[in-house]
Amino acid sequence: MIMAEHTVQKPKRVLPKSRIMVAEQTSQVYKDARDAKARGEKIGWSTAIFPQEICETLDIPVLYPENNAASVSAKHLGDELIQHAEGPMRFPMNICSYARLNLGLADKIQDPTYNTADPLMSSPDFLLLANNSCTQLMKWYENLSRNLNVPIFFVDCLFNYYEEKPAEYKVKYIRKQIEGYIAAIENFSGKKFNWDKFLEVQKRSQINSKLFDEIIRLNARTPAPLSGFDFFNYMSCLVLCRGKESTTEIFKQLKEEVEEHIANSTSSFPAEEEFRVHWEGIACWPNLGHNLKILKNYGVNAVINGYVTAWNVVYEPGNLDSMAYAYATSSTNSLSTPSIMNMRADTIQNYNCDGMLCHVNRSCKLMTFHIFVGRNIVEEKTGVPCVNFDGDQSDTRVYSEAQFETRVQGLVEIMKQNKEARNG
Amino acid sequence: MLTMGIDIGSTACKCIILKDGLEIIARAIVPLGTGTNGARKVFEDALAVNNLTKADIDRILVTGYGRFTFDDADNQKSELSCHAKGIHFLFPSARTIIDIGGQDIKVLRVSVKGMLEKFVMNDKCAAGTGKFLDVMAGILNVNTAELGDIGEGATHEVSISNTCTVFAESEVISKLSTNVKIGDLVAGIHRSVSKRVATLAFRNGIAKDVAMSGGVALNKGVVSALGQELKTEILVHRDCQLAGALGVALFAWEEVLKGA
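Each chain carries its own residue numbering, running from 1 in the direction its sequence is written. Labels follow written order: the first chain is A, the first ligand is 1, and so on. Where local features are concerned, this predicted model is filtered to residues with pLDDT of at least 70; where side-chain atom pairs are given and counted, the filter is 80 or more; whole-chain, interface and lining totals use all residues.

Colleague: Describe helix α8 (residues 243-257) of chain B, with residues and values.
Modeller: All names here are of chain B. Numbered from the N terminus, helices here are DSSP runs of H or I no shorter than four residues, and strands are runs of E no shorter than two. By definition here, a helix of n residues has an expected span of 1.5 Å times n minus one. An ideal rise of 1.5 Å per residue puts 21 Å on 15 residues; α8 measures up with 21 Å between its terminal C-alpha atoms. The element α8 is largely enclosed, with a buried count of eleven among its 15 residues. Three classes are used. A residue is buried when 20 or more other C-beta atoms lie within 10 Å of its own, exposed when 12 or fewer do, and partly exposed in between, with C-beta atoms placed from the backbone. Ala-243, Gly-244, Ala-245, Leu-246, Gly-247, Val-248, Ala-249, Leu-250, Phe-251, Ala-252 and Trp-253 are the residues of α8 that are buried. Throughout, a pair of residues is in contact if the C-beta atoms placed from their backbones lie within 7 Å. Taken together, the buried residues of α8 touch β1 (2-8), β2 (13-19), β4 (59-63), α2 (79-90) and β9 (210-213). Phi turns positive, to about 80°, at Gly-259, one or two residues after α8.

If you want it as structure tokens, here you go:
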């Protein structure tokens, strides 16, 4: 009898050099923050797509709560913090689980003996907020600000509900805020802003974005040289260190490794690639292992996803309007459903995907509720089946292993039918 | 040649034996789900109908949540495709299949050839499922199988506003204490199920004809209410609860023909 491999234990694979470099880079980011605090210097916490160029230029360490929540969740350490937020802190369970986790952590780390979360964040002296990925961030950071008694530097980005491109007044608005916060953070930190260095940071950011884009595009090949899930590991470079040389080194190494896979006809996907899917939505961080196990068992490689490309903040260095435009649009969350799903449909075609697997992430309404309408757009435009499953980016109470497998199996059966029909 | 299909569900196990891919020669249902001896019992019950043994069966396939747990099976198939295939056998004109099981609601769109085109399933919530009806029947102190007949006597359907099974249970209890008629309450329960299912069905898109499978399809009250919500007739076969088992028995037949 053919059974799914529920109980097969395989030895852990040896990590490629690029992954080791990522781990070292991440450790350094947290260490830099701890060291700065020890020296009595200010550090910040930032939303994922705030103009990182400002603090990078000022040499101020910045940590990223969303990325931290993802890491803590992936290590299955988030439940304690979420319970703390819902319990004594009284936050409702229907708000974003990243927010619950981080608000819980922010409270816990006020106790200097607390050390359970990993990675452990140092407490911030200020907050950097851009609402280009969602507006719930505003309330999250407002609560952090109040609880920790620290200021927020807030870049207000306007959503583009009906436009493919943001109107000129929106770009002007964001540019003015960037200029204003350069001065404000300079004043707050007591550090001098160097415009020459700013230009270098912008250039470095573009080199890194371009490199990452090149690497991702290599996965459009059939079969793909990478398991698409690997991209989730490298995202942190763009989130935490988009303007750093260390990211360039990592991406160069990664690109070499991918090209070696291509030359040797190998792949980091741990099975024969029978089907290719586009993964829609944030990763199910606590359940990544189970996701990959099931997908692998059915030969499904999630070769691309919309989440990893959100940090391709592409602009012309030295051009603040171009930079402001990029921050207005880099997260697809700020676009309309037709805009987002048409982009997904194009990606599905470009990456030769057989289907789309949508993580209905209970925590991120903005990023996943468009799926219910949007899947029709994708199905009509591409002809590939789209299937949803329930989960959450950090809250472990939502995901069901049996339900995930049933839905993946249904998706595979339709993809298989379609493939057999195409091949006659 | 004989093939067997077993559907090991969350609350019941079903079995069909098919002759030459055309004739159903045995049916069995055991109200015990995955994790129990339900699969073994339904397997033996189905064989016993014609005094057969396992050796008489050319191929055995399983489906359902418990499909990985039956050692005597030759292979397993996803229940989605099995329901599609089974209902297509029973109603070749069906293009939309609504399966309400113990814990799941599935809405399938199938092609003219009975191939699965797209599907939606319920979110992680028991509202609208067989479990919802079981809980309500428990409160009313009746058998779930009796709900269809009881609801027929309704004169003033009582609205149940909560979709959560647990909260709806509380709501029904509070209404019982106001002396409403049981029939009116049951009609309201059926309406609640049908609204939940209809929402899912509309999300997947409705193409006629619409058929139901799964144990809840035997509840004429739910079928009637759902037909009203969807504004269409709903086809229900006497073997609707066995559609999954039938479908997987048909897949077994196809594998026999291919020389598996």
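Next comes the rest of the account.
Colleague: Describe the interface of chain A and chain B, naming the residues involved and giving the relevant values.
Modeller: Each side of the interface is counted separately: chain A has 19 residues, and chain B has 18 residues. Counting residues per element, the side of chain A that touches chain B draws most heavily on helix α16 (residues 401-422) of chain A, which supplies nine residues. Each residue is assigned to one of three groups, with Ala, Val, Leu, Ile, Met, Phe, Trp, Tyr, Cys and Pro labelled nonpolar, Asp, Glu, Lys and Arg labelled charged, and all others, Gly among them, labelled polar. Within the side of chain A that touches chain B, the residues separate by chemical class into nine nonpolar, seven polar and three charged.

Colleague: Could you give an account of the packing of helix α4 (residues 79-86) of chain A against helix α5 (residues 97-108) of chain A, with specific residues and numbers?
Modeller: To characterise two packed helices, one gives the angle between the axes of the helices and the distance between these axes. All names here are of chain A. Between the N-to-C directions of two axes lies an angle of 0 to 180 degrees, each axis being a line fitted to C-alpha atoms and, for a helix, fitted only over the stretch in contact. The contact between α4 and α5 brings their axes to 7 Å, and the two run at 85°. Considering their axes alone, α4 and α5 lie roughly perpendicular with respect to each other. Contacts between α4 and α5 involve Leu-81, Ile-82, His-84, Ala-85 and Glu-86 on the former and, on the latter, Ser-97, Arg-100, Leu-101, Leu-103, Gly-104, Leu-105, Asp-107 and Lys-108. Residues belonging to the contact of α4 with α5 are distributed by class as follows: six nonpolar, three polar and four charged. Angular relationships are summarised with four words: roughly parallel below 35 degrees, roughly antiparallel beyond 145, roughly perpendicular across 65 to 115, and oblique for the angles in between.

Colleague: Pulling in residues and values, what's your account of the packing of α2 of chain B against α8 of chain B?
Modeller: Residues and elements named next belong to chain B. Running from N to C, α2 and α8 cross one another at 95°; their axes reach a closest spacing of 7 Å. With respect to α8, the axis of α2 lies roughly perpendicular. For the pair formed by α2 and α8, the contact residues are Glu-79, Ser-81, Cys-82, His-83, Ala-84, Lys-85, Gly-86, Ile-87, Phe-89 and Leu-90 on the first element and Ala-243, Gly-244, Leu-246, Gly-247, Val-248, Leu-250 and Phe-251 on the second. Tallied by class, residues from the contact of α2 with α8 come to ten nonpolar, five polar and two charged.

Colleague: Lay out unusual backbone geometry with the relevant residues and their values.
Modeller: The omega torsion across Thr-222 of chain A and Pro-223 of chain A is -10°, close enough to zero to call that bond cis. Residues Lys-208 of chain B and Asp-209 of chain B are joined by a peptide bond in cis, for which omega reads 5°. Note that Asp-209 of chain B resides in the loop between α6 (182-204) and β9. The backbone of Arg-90 of chain A sits at a positive phi, close to 65°, despite the residue not being glycine. The topology assignment puts Arg-90 of chain A in the loop between α4 and α5. Its identity as a non-glycine residue notwithstanding, Ser-265 of chain A has a phi of 55°, on the positive side. Positionally, Ser-265 of chain A belongs in the loop between α10 (245-264) and β5 (275-280). Residue classification places Ser-265 of chain A among the exposed residues on the basis of 8 C-beta atoms within 10 Å.

Colleague: Explain the confidence of the model for chain B residue by residue, including any values.
Modeller: A low pLDDT means the predicted coordinates there should not be read in detail. A score from 0 to 100, pLDDT tells how confident the predictor is in each residue. Mean pLDDT over chain B works out to 92, with 99% of the residues at or above the 70 mark. As a predicted assembly, this complex carries a pTM of 0.88 together with an ipTM value of 0.80.

Colleague: Hey, could you go over the sheet that holds strand β8 (residues 116-121) of chain B for me, with residue numbers and the actual values?
Modeller: Residues and elements named next belong to chain B. If DSSP finds at least two bridges between two strands, the strands pair. Read across the open sheet, the five strands follow the order β8-β7-β6-β9-β10; overall the sheet is mixed. Of all strands in the sheet, those bounded by a partner on one side alone are β8 and β10 (234-236). When strand polarity is set aside, the average angle formed by the axes of neighbouring strands in this sheet is 25°. Across five bridges, strand β6 (residues 96-100) lies against strand β7 (residues 105-110) in antiparallel orientation. Following the sheet pairing, Ile-97 is matched in β7 by Leu-108.

Colleague: Quick one: what's the story with the domain arrangement of chain B, residue by residue and with numbers?
Modeller: All names here are of chain B. In this entry, domain limits derive from an automatic or database-based domain assignment. Partitioning chain B into structural domains gives domain 1 (1-91 + 242-260) and domain 2 (94-236). Taken together, the contacts link 15 residues of domain 1 with 18 residues of domain 2. If you tally residues by element for the side of domain 1 that touches domain 2, the top one is α2, at eight residues.

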